[in-house]
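Structure assessment
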Amino acid sequence: MKLSQKLFRAAALAVLSALLLTSCGSSAGLRAPARDTASRTVTASGPKRQVGGSTDTSSAAASSDASEAASSAPSPEQNTPTEEAAFEARMNSYLKLPAGADGWHFLINDYDHDGKREAFVFCGTPAGSVYENIHLFFLPSGGDLYMIYNMDGLQGAPHGGWDSARNDYPDAYLTFGDKTYAQFDLGDMDPGEGWAAVYGVNTGSKVPIRLDIDGSGVEKVPEGFLVSSGLDEYFAYSVRNGEAVNLLEPGVGTVPLDPDPSAPAKNPETVWSNFLANYDYGNESHIFPADYDGDGRKEAYAVVGYFEDGYASSAEIYYIGWAGTIVRVATLQGQLYHWNQLSSDAMAPVVTAGNSRFLLWQMPGAGNCPTYLFGVRNGAPYQPAISGNVSFFGPDSEKGGFSADGSVKYTTDTYVFDSSTGEFTRK
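To start, this report covers the structure provided alongside it. What you see is a predicted model; the values in this text were computed from it and never measured. (Residues numbered from 1 in each chain as written. Predicted model: local features only at pLDDT ≥ 70, side-chain atom pairs only at ≥ 80, totals over all residues. Heavy atoms only, no water.)

Per the stated rule, a full pass over the model turns up seven salt bridges. For Arg328, the salt bridge goes to Glu316, with nearest N and O atoms at 3.7 Å. Note that Arg328 is positioned in strand S17 (residues 326-336) and Glu316 in strand S16 (residues 311-320), a separation of twelve residues in sequence. Grouping residues by exposure puts Arg328 and Glu316 together as buried. Of the charged contacts, one joins Asp413 and Arg426 as a salt bridge, the two residues approaching to 3.4 Å between their closest N and O atoms. In this pair, Asp413 is assigned in strand S25 (residues 412-418) and Arg426 in strand S26 (residues 423-426), connecting sequence segments 13 residues apart. You can call Arg426 partly exposed: its relative accessible area is 48%. Salt bridges here are not isolated pairs; linked through shared partners, they connect Asp232, Glu316 and Arg328. (Salt bridge = Lys/Arg side-chain N within 4 Å of Asp/Glu carboxyl O. Helix = DSSP H or I, 4+ residues; strand = E, 2+ residues; numbered from the N terminus. Buried < 20%, exposed > 50% of the residue type's maximum accessible area, 1.4 Å probe, protein only.)

Pasting the structure below:
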């Protein structure tokens, strides 16, 4: 059975479970989860764990407001015994601990940065570095329990490790802008399939959100966006209005970023050289360093692949950020713009538009042959909306600006660049 089918069935059964529990009067107010889809790319892995993390609840109140009194924790990632006891009492008032589970475990934080602390809760059967039959829940600072996954069949753990002396998970927390997220490494009980599940809360909401992110090992890089990876894939995301935005898709528009201003700038040529020293692919590599977004810092695009007479049967295109982050943005066949023409300019494939620069990649053939444009906006990789949607695009020395094959046969369309949006528009 495919993972999506498993999760669909699991979500349906979880809804049924919630309805049965509510009708029995033992868990009034329980909310059933929406379908929890996931990417299957890497083996789920987790930290070494401490068995027996339960807390004495004899003096804790089960009120939904009990956790609010404990909102002044020592640090955002550190639980206190008092608030753990309060959240545990609430969990016990809603649900009985599943058979085989060693206790409720809590990731307590102010996820929406509103001054109140919420908790993502999990339980399962300890199995080395993961928990088998892991169950996931969300407890807002005041409100009802929300079931994210309340079925057997998954294994996993919070991302990273935790303090063996406390019920803390510092490496599982991920902050982007004014929100904090909890990251879990999950997978099927069958080995070989796993994914990252990143959960957060919109401001003022009592219901969790899940960022639609592929791959695993999600982290924020100094350039200010999120990265993850799969078996042989790279992913890059921003978060806009509570939703993950894939930065590697053309035309995603302006997105928020959260860069680290204290991060040192790195030489992209050195970064690329170090990368190639540990990577065996292709027979040629080329790097094109420049200040692509006009902010005074140097980034680069680089290409490595199998070339013959300037054409590549397969080439990987990489973004190299000002702080040294490397992300593969595309795998294509074709050629670099002007690469087969007799140009003495090593930067010929890079064109200038306003204060921005773009690496141009041309697909081969006759007729409709897409041109891809790779740029940088506010330090992050991006492609304008026309990337891959225009044919034989490039600077037009006669008309000025840029041109591409026309939408009408045997004609040429002219384009202008709008620096405020980072997009090219047809005249």
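For Arg328, a relative accessible area of 8% gives the class buried. A polar atom in the side chain of Arg328 sits 2.3 Å from the backbone oxygen of Asp232. Within the structure, Arg328 has its side chain in polar contact with the side chain of Tyr318 (distance 3.4 Å). Apart from residues lying up to four places away in sequence, Arg328 is in contact with Asp232, Glu233, Tyr234, Leu248, Tyr279, Glu316, Ile317 and Tyr318. (Polar contact = N/O pair within 3.5 Å; in protein donor to acceptor, adjacent residues only side chain to side chain. Contact = heavy atoms within 4.5 Å.)

Here we come to helix H2 (residues 81-94). For an α-helix, 3.6 residues make a turn, and residues three or four places apart therefore share a direction. In a regular helix each residue adds 1.5 Å, so 14 residues correspond to 20 Å; H2 covers 20 Å between its end C-alpha atoms and thus fits that length. Extensive coverage of H2 is indicated by the burial of ten of its 14 residues. Taken residue by residue, H2 has Glu83, Glu84, Ala85, Ala86, Phe87, Glu88, Ala89, Arg90, Met91 and Tyr94 as its buried positions. Of the surrounding elements, those touching the buried residues of H2 are strand S1 (105-109), strand S2 (118-127) and strand S3 (130-139). (Expected span 1.5 Å × (residues − 1).)

Here we come to the side chain of Asp396. Locating Asp396 in the fold gives a position in the loop between strand S23 (394-395) and strand S24 (402-405). Within the local environment of Asp396, its side chain forms a polar contact with the side chain of Ser403, the two groups lying 3.2 Å apart. Those residues within four positions of Asp396 in sequence are excluded, and the remaining contacts are Gly401, Phe402 and Ser403.

Once that is clear, we can look at the pairing of strand S5 (residues 154-158). Within S5, five of the five residues are buried, which leaves the element mostly enclosed by the surrounding structure. Strand direction decides the pairing type here: S3 and S5, joined by two bridges, are antiparallel. Looking at the pairing, Glu132 lines up with Gln155 of S5. (Pairing = 2+ DSSP bridges.)

Turning our eyes to something else, we now look at the sheet that holds S24. Strand order across the open sheet formed by four strands is S23-S24-S25-S26, with antiparallel pairing between neighbours. The outermost strands of the open sheet, each flanked by one partner alone, are S23 and S26.

Attention shifts here to the pairing of S24. Note that S23 and S24 share two bridges and pair antiparallel. Among the inter-strand pairings, Gly394 is bridged to a residue of S24, identified as Ser403. In terms of strand pairing, S24 meets S25 through four bridges, oriented antiparallel. In the sheet register, Ala404 faces S25, and the bridge partner there is Asp413. The antiparallel pairing of S24 with S25 creates a hairpin that spans six residues between the two strands, and Tyr410 there sits at a positive phi of about 65°.

Any functional reading would require information beyond the geometric quantities listed.
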